[in-house]
Amino acid sequence: MVETPPLTPREWRERIRRGEWTRPTAGLAPGYAQANLVIVPRALAYDFLVFCQRNPKPCPVLEVTEPGDPHPRYTAQGADLRTDLPKYRVYARGALAAEVTDLTAYWREDLVAFLLGCSFTFEHAMVRAGIPVRHIEAGANVPMYITTIPCKPSGPFQGPMVVSMRPIPSPLLPRVIQVTSRYPLAHGGPVHVGDPREIGIQDLQRPDFGDPVEVREGEVPVFWACGVTPQAVALRAGIDLLITHAPGHMFLTDLLDEDLAVA
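For clarity, every value in this text was computed on a predicted model and none was experimentally measured.

Cut-offs applied
- Residues numbered from 1 in each chain as written.
- Predicted model: local features only at pLDDT ≥ 70, side-chain atom pairs only at ≥ 80, totals over all residues.
- Heavy atoms only, no water.
- Pairing = 2+ DSSP bridges.
- Helix = DSSP H or I, 4+ residues; strand = E, 2+ residues; numbered from the N terminus.
- Contact = heavy atoms within 4.5 Å.
- Axes fitted to C-alpha atoms, helices over the stretch in contact; angles between N-to-C directions.
- Buried < 20%, exposed > 50% of the residue type's maximum accessible area, 1.4 Å probe, protein only.
- Polar contact = N/O pair within 3.5 Å; in protein donor to acceptor, adjacent residues only side chain to side chain.
- Arc of directions from axis to C-beta.

(A) Broad picture of the sheet that holds strand S6 (residues 144-150). Spatially, the four strands line up as an open sheet ordered S6-S7-S9-S8, and their pairing is antiparallel. With partners counted over all chains shown, the strands left at the sheet margins are S6 and strand S8 (192-193), one partner each. Along the sheet, helix H6 (residues 229-237) contacts S6 and strand S7 (160-169); its crossing angle with S7, the most-contacted strand, is approximately 145 degrees.

(B) Up close: the side chain of Thr147. The topology assignment puts Thr147 in strand S6. Relative accessible area serves as the criterion here: at 5%, Thr147 is assigned to the buried category. In this structure the side chain of Thr147 is engaged in a polar contact, spanning 3.0 Å, whose partner is the backbone nitrogen of Ile149. Within polar-contact distance, the side chain of Thr147 engages the backbone oxygen of Met161 at 2.8 Å. Excluding residues within four positions of it along the chain, Thr147 makes contact with Pro160, Met161, Val163, Ile199 and Ile201.

(C) Region of interest: the environment of Ala232. Its location among the elements puts Ala232 in helix H6. On the basis of relative accessible area, Ala232 is assigned to the buried category, the value being 4%. Sequence spacing of Ala232 and Gly159 is 73 residues, and the spatial spacing of their C-alpha atoms is 6.9 Å. Residues within four places of Ala232 in sequence aside, it is in contact with Ile146, Pro160 and Val162.

(D) Looking closely at the side chain of Asp69. One can find Asp69 in the loop between strand S2 (61-64) and strand S3 (88-92). Under the relative-accessibility criterion, Asp69 is labelled buried at 14%. Here Asp69 is in contact with Trp107 and Leu111, once residues within four sequence places are set aside.

(E) Geometry of helix H1 (residues 9-17). Along H1, the residues that are buried comprise Pro9, Trp12, Arg13 and Ile16. All buried residues of H1 fall inside an arc of 100 degrees around its axis, so they share one side. Residues of H1 that are buried in the fold lie against strand S1 (32-41) and strand S11 (251-256). Downstream of H1 by one or two residues, Gly19 has phi in the positive range, about 80 degrees.

See the structure below:
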């Protein structure tokens with residue numbers, strides 16, 4: 001039996017644009033980089049860019065679009081950020097106002113889109129290195145948590161860091177740190193290993209975003225900075241308008257995961 005080759009990022013974006021995939025994107029298009037999306041009015045774009053510069057672990061910038069232009073030029077030519085993600089969230093005045101699969105009705109000529117690196121990018125490298133990725137095995141979304149780690153503020157953007165968690169067998173901890181640290185534009189190495197209470201997480205089975213996953217005997221919870229951080233910041237800071245991907249529903253770029261790696 002001949003195996004069907006996996007879909008390319010462009011093919012996945014076409015499926016998403018047609019409404020044929022509205023689920024999380026973990027494990028899709030292995031070997032290619034995925035990205036978080038943040039869209040703000042032009043009046044807030046400089047403050048958000050500085051926020052990203054001051055907080056590169058949760059917000060590594062891959063691309064910034066021109067005001068009013070929903071088409072990325074570097075990460076995926078021909079893509080449309082209004083339609084090519086499975087699900088979006090619209091935040092208004094510090095509250096979640098809508099969750100939609102198409103942003104066309106919300107698009108304005110003053111909006112600027114930021115594409116930020118995503119830890120889904122290095123998961124294929126983890127699998128290649130023999131490191132389990134529990135949420136992919138379970139067909140679930142990665143669990144994400146709001147922490148007590150403060151971000152460095154910029155203008156109205158201030159609030160806590162969000163982290164994603166993957167349970168790792170204790171003997172593989174050095175390997176997972178080595179593998180993921182090669183991807184600074186996909187959040188890089190972990191920000192915390194071990195006791196979740198040390199960063200303000202009281203119950204791993206109650207994530208703020210995503211799905212809970214099993215932490216088995218002999219495994220240690222490992223936490224990476226997460227591109228959902230701007231959503232927690234929008235809620236905490238009361239940003240007038242901020243549009244993002246829904247947690248775990250990323251933008252599939254045409255960049256190889258190794259394009260975001262360092263030697």
